[in-house]
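# Structural description and commentary
Now for the letters of each chain:
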Amino acid sequence: MRLCAALTAVSLLASCTTTYAIPKPELARLDGFRDDNAALLKELGDVMLNRPNERHRMVRDVEGKAHPFSSDTPLALARVSAQAEAEFQRFIEVGVDADRFRGVPLEGSSSGASAAPLVVPLTEVDHAQLREFSLGKTLLLTGTIGVVLMGSLVAVSMLFKPTTGSEDDRPGGVIDLGPQPRAIPAAY
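Below, the structure is looked at part by part. (Residues numbered from 1 in each chain as written. Predicted model: local features only at pLDDT ≥ 70, side-chain atom pairs only at ≥ 80, totals over all residues. Heavy atoms only, no water.)

Tracing the backbone shows Thr73 in the loop between β4 (66-69) and β5 (75-79). For Thr73, a relative accessible area of 8% translates into the label buried. A polar contact of 3.0 Å, which involves the side chain of Thr73, links it to the backbone nitrogen of Ser70. Look past the residues within four positions of Thr73 in its chain and what remains in contact with it is Pro68, Gln89, Arg90, Leu130 and Arg131. (Helix = DSSP H or I, 4+ residues; strand = E, 2+ residues; numbered from the N terminus. Buried < 20%, exposed > 50% of the residue type's maximum accessible area, 1.4 Å probe, protein only. Polar contact = N/O pair within 3.5 Å; in protein donor to acceptor, adjacent residues only side chain to side chain. Contact = heavy atoms within 4.5 Å.)

Here's what the structure looks like:
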């Protein structure tokens with residue numbers, strides 16, 4: 001049962017997101033991105049005071065489709081020399097100049113102490129990867145898993161013969177568990 005639950009969780013996580021390749025020149029659009037309002041109270045304060053805030057930027061993938069980037073968007077830098085899989089991180093601050101990419105990861109920023117920034121020379125970057133959550137795929141996958149599980153339960157239940165006949169002529173049959181215990185009157 002745990003194996004089935006683990007496989008379901010892995011399949012849900014794997015297919016609920018889509019990864020897009022972002023060309024290196026598009027990283028310049030992220031220059032100056034900053035989301036100091038990662039905490040809920042700060043966001044509520046900005047909304048209540050009607051302060052304008054820019055908590056997202058738009059970048060284009062290799063096919064020209066625009067994607068929003070915010071502190072909730074996982075981003076990875078694919079390096080030219082690295083053969084390993086790029087590590088996705090969420091950033092609250094991004095700076096891009098002609099020489100380097102500098103990003104402050106979201107992890108560690110909620111404790112009050114700033115996290116160590118990730119600094120990568122742009123000469124080492126081939127392209128970036130952006131990961132987006134897909135609600136449609138999630139619902140489709142979850143629905144399919146539910147239908148398969150329900151279908152398998154119905155198929156298994158059809159393998160067992162129903163109990164037929166009962167002493168009380170109740171429909172559905174009765175499972176006989178042996179003689180019924182009887183109450184013995186207590187002596188006073």
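The discussion continues.
Moving on to the packing of aromatic side chains. Two aromatic rings, taken as a pair, are described by how far apart their centres are and by the angle between their planes. Under the counting rule described, the total for this entry stands at two aromatic pairs. Residues Phe33 and Phe69 carry aromatic rings whose centres are separated by 5.1 Å and whose planes lie at 70° to one another, so their mutual orientation is edge-to-face. Here the residue Phe33 occupies a position in strand β2 (residues 33-34), and Phe69 occupies one in strand β4, the gap between them amounting to 36 residues. Here the aromatic rings of Phe91 and Phe101 are separated by 5.7 Å at their centres, their planes lie at 75°, and the arrangement is edge-to-face. Of this pair, Phe91 sits in strand β6 (residues 91-96) while Phe101 sits in strand β7 (residues 100-105), and the two are ten residues apart along the sequence. You can call Phe91 buried: its relative accessible area is 2%. With a relative accessible area of 0%, Phe101 lands in the buried category. Over the face of the ring belonging to Phe88 we find Arg131, whose NZ or CZ atom lies 3.8 Å from the ring centre. (Phe/Tyr/Trp six-rings, centres within 6.5 Å; stacked < 30°, edge-to-face > 60°. Lys NZ or Arg CZ within 6 Å of the ring centre and 35° of its normal.)

Read across the open sheet, the three strands follow the order β1-β9-β5; overall the sheet is antiparallel. A strand with exactly one partner marks an edge of an open sheet, and here the two such strands are β1 (17-23) and β5. The sheet shows a mean angle of 30° between the axes of neighbouring strands, direction not considered. Looking at chain direction, β1 and strand β9 (residues 125-133) are connected through seven bridges and run antiparallel. (Pairing = 2+ DSSP bridges. Axes fitted to C-alpha atoms, helices over the stretch in contact; angles between N-to-C directions.)

Counting across every chain of the model gives five salt bridges. Glu26 is paired through a salt bridge with Arg29; the nearest N and O atoms lie 2.8 Å apart. Its salt-bridge partner being Glu93, residue Arg102 comes within 3.7 Å of it at the nearest N-O pair. Residue classification places Glu93 among the partly exposed positions, given a relative accessible area of 24%. Counted as one network, the salt bridges with shared partners bring together Arg34, Glu93 and Arg102. (Salt bridge = Lys/Arg side-chain N within 4 Å of Asp/Glu carboxyl O.)

Quick look at a nonpolar patch on the surface now. A surface patch of nonpolar side chains, amounting to about 360 Å² of accessible area, comprises Phe133, Leu135 and Leu139. Its place among the elements puts Phe133 in strand β9. (Patch = residues over 30% accessible without salt bridge, like charges linked within 9 Å, V, L, I, M, F, W, Y side chains within 5 Å. Areas by Shrake-Rupley, 256 points an atom, 1.4 Å probe, with all protein chains shown as cover.)

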